[in-house]
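Close look at the chain arrangement
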Amino acid sequence: MNTELLGIIASFAITLIIAIPLGKYLAKMFAGEHVWTDFMKPLERGIFKLAGINPKEPMNWKQFLKAMMVINILWLAYGFFVLIYQDKLPLNPDGNPGMTADLAFNTIISFVVNCNLQHYSGESGLTYLTQHFIVMFLQFTSAATGIAAAVALFKAFRDKTTTDLGNFWDFFVKSITRLLLPLSIVIALILTFNGTPSSYAGKDQFISMQGDIVNVSRGPAAQMIAIKHLGTNGGGWFGANSAHPLENPNYLTNMVEIVSQMIVPMAMILAFGIFIRRKKLGLVIFGVMTVGMFMLMIPTITSELGGNPAIAKMGITQATGAMEGKEVRFGPTATAYWSTLTTIVSTGSVNGMHDSTMPLTGLWQLLGMMINGFFGGCGVGILNYFIYLIIAVFISGLMVGRTPEFLGHKVEAREVKIAAIITLLSPLLIMAGTAIASYVFMAHGNADWAVKPANWLNNPGYHGFSEMLYEMTSANANNGSGFEGLGDNNIFWNVSTGIILILGRFLPIFGPIAIAGLLAQKKYVPESAGTLRVDTVTFGLMTFAIILVLNALSYFPALVLGPIAEYFSMIK
Amino acid sequence: MLISFAGKLSKGQGDGEKVTLNGKTVGYALLGQKFDKPQYFWSRPSAVGYNAAGSAGSNKGPSNPDYLKDVQSRIDTLLKYNPGIKKSDIPADMVTSSGSGLDPAISPQGAAIQIKRIAAIRKIDEKQVADLVAVNTQKPLLGLFGPSTVNVLELNIALDKLK
């Protein structure tokens, strides 16, 4: 068997081997049982004391969301001003300038919401100070926010009837001290010993063998790359993200980065089942997600290995697959594998340029972000999936003529309404966003912005449309990858995607937490022969069908205009 | 902070590992650099001209007509400078630009098509050059995972040391 294929099979196996025990550990840890990381307790107690927080105070769903929003808004304000004035602050050895207001607006939202859409390039757009105290800091906190929200959902279904969803601060701090921080240190060490720079030295210069003068950007990148994957953030130190040889030096680090972006989302699903004492439900969800992942991944790999038909016509064999935008040391198989992971788990880091992938690969990447519930981002993956579950419960209830119930709580009009609104939100933001962008591109091509709308697109025709669609989808899914040919650092894209980012992050957290809070308060109905069981394979299939139908109905027209049209134009 | 200290212990003291030739720094081990003179093994095309202060791919879509013209002209250049090779010998990596624009490696096939040219210009035996390529080919991780690659900088340094 070829070594590239073996490489990704091994990566998947290692992911499973780590995720399973990690899931068990997370369930125990968040339940407050004894775990081996209890030695962190004094540190946590110190943090709570300093902040004047009582981590034992129970919160209902409204209090929980309020606590979450307060801290998020604080970060937004703090980051916005630091980014604008970064040129006047210390730790700027390369003398990089401050950000414009619209770019700072976009950047700070993007990092607070765990998206890491980057309209700047790391080498020249940020200083070491902002890379560390804004970007890296938020990569920890935004991931922890997502995880804390997911644990509130867990808490809602652990006991029969409860109004207590746990304490936001407690979950938040523990996510960092007992999960993200220790694991990132391990990953950062692996990276730095494989050649990723980790010191604070500024730019270097050398004269190459051919006599060219070359400037080299460096900096303490290893620390950030660890958390960018572990927290499914995706924002890289360098512009080319994990395709950059210093950010991802060899095949080993590539495997480490692949594994580290997948373990927390996977472990959270398993933790859900264990935490609510319904292991089988956790396994069914895990099964559906894994099948969904492979349904996106296998055609992606096939399409990349097939190579570019237009280049094949020129007489080039492309024995290993399409190579534009890819690195030789990873090869097309591992790059295709990565591209599926990064779009389904909302990491958004890349080890090859998505803009240059084959049309059908682009289709699967877009679909992965549109569904956004196959494993999904740190914590928020399970929240997105929960919405699909509620819709599936409701529809199957209607089909068999029983009152819809989820884990012993009646699902009534109010909950279904919330779920429906959240489901409709994504297509609205993506389609309306892309439509407005297309209109501006066509009708106001000469508007006097940093990049004129007529010059936005790096590629003509259907592919150009895909670039705009991809950007909006990535913003809504809080993914952060891009068809990077798009000239996106101007007021239109900075502001429009900034707004989509905020709505696409917080409403899909509010919705599920509200539903969970409302359901958990209701009287518990014991299971009987008449109950629709949600932890069966049949119901898993039903949920899967719902996910496919909802997304196909919502997005098919847009996908036809972009990647599908490009595909057919190339094979003719 | 902790990692920066640990980094000091690693190769290159966390600043990035440098490569020297005759006492002068000629590059970074991990970063690709521009090689387009006939006496050296060429690197892949780069969208940023191997400027290591920036990094980017071309972001050209697969159906972009301008992009396809670029690819065609890269094929023509390779055919012109490397006598005796056929179009079907050329691997995809030699006519496409990398994701980072700083790809340090080419495929073994990408090196193989250049052997004749190098041997002719440097007036050395073809077999000697081929052996050098073989020695500088990095096998997959543990011999099992990932592709084989050739680091262009290392190969060219070895080439210069031959004389």
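Refer to the preceding data block for the structure.
Bear in mind that the values here come from a model prediction, so they are computed numbers and not experimental data.

Before going further, it helps to examine the overall build of chain A. In terms of helices and strands, chain A carries 18 helices and four strands. Principal-axis analysis of the C-alpha atoms gives chain A an extent of 75 × 60 × 55 Å. Burial status across chain A gives 58% buried among its 572 residues. Long-range contacts, defined as pairs at least 24 residues apart, comprise 78% of the intrachain contacts of chain A with a sequence gap of at least 6.

Bringing the overall build of chain B into the picture now. Tallying secondary structure elements over chain B gives six helices and five strands in all. Helices and strands appear in chain B in the N-to-C order α-β-β-α-β-α-α-α-β-β-α. When each of the 163 residues of chain B is scored for burial, the buried share is 48%.

To continue, consider the nonpolar core. Residue and element names in this part refer to chain A. Counting 207 residues, the largest nonpolar core has Ala152, Leu153, Ile269 and Ile390 as the members making the most contacts within it. It is helix α9 (residues 251-275) that contributes the most residues to this core, 16 residues altogether. Those residues within four positions of Ile390 in sequence are excluded, and the remaining contacts are Phe406, Val411, Glu415, Val416, Ala419 and Ile515.

A word on the interface of chain B and chain A. Between chain B and chain A, the residue contacts involve 70 residues of the former and 80 residues of the latter. If you list the elements that add at least two residues to the side of chain B that touches chain A, you get α1 (2-9), β2 (24-28), α2 (65-81) and β3 (105-106) of chain B. Among the elements that make up the side of chain B that touches chain A, the one with the highest residue count is α1 of chain B (five residues). For the side of chain B that touches chain A, the residue count by class is 30 nonpolar, 31 polar and nine charged.

Moving on to the packing of helix α1 (residues 3-30) of chain A against helix α7 (residues 168-193) of chain A. Residues and elements named next belong to chain A. Running from N to C, α1 and α7 point in directions that differ by 140°, and their axes come no closer than 11 Å. As judged from the angle between their axes, α1 and α7 are oblique. Here α1 and α7 pass one another in a crossing that is right-handed. Across the interface between the two elements, Leu26, Met29 and Phe30 of α1 pack against Phe171, Lys174, Arg178 and Leu179 of α7. By residue class, the composition of the contact of α1 with α7 is five nonpolar, no polar and two charged.

Glancing now at unusual backbone geometry. Residues and elements named next belong to chain A. A positive phi angle, near 65°, is found at Asn116, a position not held by glycine. Of the residues examined, Asn116 has 29 C-beta atoms within 10 Å and is grouped as buried. If you check the backbone angles, Ser346 has positive phi at about 65° while not being a glycine. Structurally, Ser346 is set in the loop between α12 (331-344) and α13 (359-371).

Once that is clear, we can look at the sheet that holds strand β5 (residues 149-151) of chain B. What links the strands of a sheet is backbone hydrogen bonding, and the strands pair in either a parallel or an antiparallel sense. Residues and elements named next belong to chain B. Reading across from one edge, β3-β5-β4 is the order of the three strands in this open sheet, with antiparallel pairing throughout. Edge strands, defined here as strands with exactly one partner in the open sheet, are β3 and β4 (137-138). In terms of strand pairing, β4 meets β5 through two bridges, oriented antiparallel. Bridge pairing links Thr137 to Val150 in β5. Seen against the sheet, helix α6 (residues 152-162) touches β3 and β5 and runs at an angle of roughly 55° to β5.

Here Thr3 of chain A shows up in helix α1. What makes Thr3 of chain A partly exposed here is the crowd of 19 C-beta atoms within 10 Å. Sequence separation between Thr3 of chain A and Thr333 of chain A is 330 residues; the distance between their C-alpha atoms is 9.8 Å. Every residue in contact with Thr3 of chain A, bar those within four places of it in the chain, is listed here: Pro140, Leu144, Phe145, Gly146 and Pro147 of chain B.

Another point: helix α18 (residues 537-571) of chain A. Relative to the 51 Å expected for 35 residues at 1.5 Å per residue, α18 of chain A spans just 39 Å between its end C-alpha atoms, considerably shorter than the ideal helical length. Along α18 of chain A, the largest kink reaches about 60° and is centred on Leu559 of chain A; proline Pro563 of chain A follows within four residues of it.

Structurally, Asn455 of chain A can be placed in the loop between α15 (413-443) and α16 (461-476). Along the sequence, Asn455 of chain A and Val400 of chain A sit 55 residues apart, while their C-alpha atoms lie 54 Å from each other.

Moving on, we come to the pairing of strand β1 (residues 204-207) of chain A. Along any regular strand, the residues point their side chains to alternate faces of the sheet. All names here are of chain A. Bridging between β1 and strand β2 (residues 213-216) involves four bridges; their strand directions are antiparallel. Its bridge partner being in β2, Asp204 is matched across the sheet by Val216. Between β1 and β2, which pair antiparallel one after the other, the connecting turn spans five residues, and Gly211 there sits at a positive phi close to 90°.

What follows concerns α13 of chain A. Residues and elements named next belong to chain A. With 13 residues, α13 ought to run about 18 Å at 1.5 Å a step, and its terminal C-alpha atoms sit 19 Å apart, in line with that. By the criterion of burial, α13 is predominantly enclosed, with 12 of the 13 residues buried. Considered for burial, the residues of α13 that qualify are Pro359, Thr361, Gly362, Leu363, Trp364, Gln365, Leu366, Leu367, Gly368, Met369, Met370 and Ile371. Taken together, the buried residues of α13 touch α10 (279-305), α12, α15, α16 and α18. One or two steps after α13, the chain reaches Asn372, where phi turns positive at roughly 55°.

All names here are of chain A. Tracing the sequence through the fold places Pro563 in helix α18. Given 28 C-beta atoms within a 10 Å radius, Pro563 is considered buried. Here the alpha-carbon distance between Pro563 and Gly362, two residues 201 residues apart in the chain, equals 6.3 Å. Apart from the residues lying within four places of it in its own chain, the contact partners of Pro563 are Pro359, Leu360, Gly362, Leu363, Leu366 and Ser466.

Residue and element names in this part refer to chain A. Where helix α14 (residues 380-400) meets helix α17 (residues 491-521), the closest approach of the two axes is 9 Å, and the angle between their N-to-C directions is 60°. Between α14 and α17, the crossing angle belongs to the class labelled oblique. As for the relative orientation of α14 and α17, their crossing is left-handed in sense. Residues Val380, Leu383, Asn384, Phe386, Ile387 and Ile390 of α14 form the contact with α17, whose participating residues are Pro508, Ile509, Gly511, Pro512 and Ile515.

The rules we used
- Residues numbered from 1 in each chain as written.
- Chains lettered and ligands numbered in written order.
- Predicted model: local features only at pLDDT ≥ 70, side-chain atom pairs only at ≥ 80, totals over all residues.
- Helix = DSSP H or I, 4+ residues; strand = E, 2+ residues; numbered from the N terminus.
- Buried ≥ 20, exposed ≤ 12 C-beta atoms within 10 Å, placed from the backbone.
- Contact = placed C-beta atoms within 7 Å.
- Core = buried A, V, L, I, M, F, W, Y, C linked by C-beta atoms within 7 Å.
- Nonpolar A, V, L, I, M, F, W, Y, C, P; charged D, E, K, R; others polar.
- Axes fitted to C-alpha atoms, helices over the stretch in contact; angles between N-to-C directions.
- Parallel < 35°, antiparallel > 145°, perpendicular 65-115°, else oblique.
- Left-handed = near helix turned anticlockwise from the far one by under 90°.
- Pairing = 2+ DSSP bridges.
- Expected span 1.5 Å × (residues − 1).
- Bend = angle between axes of the 7 residues up to and from the residue.

Functional significance is not addressed by these values, which are geometric in nature.
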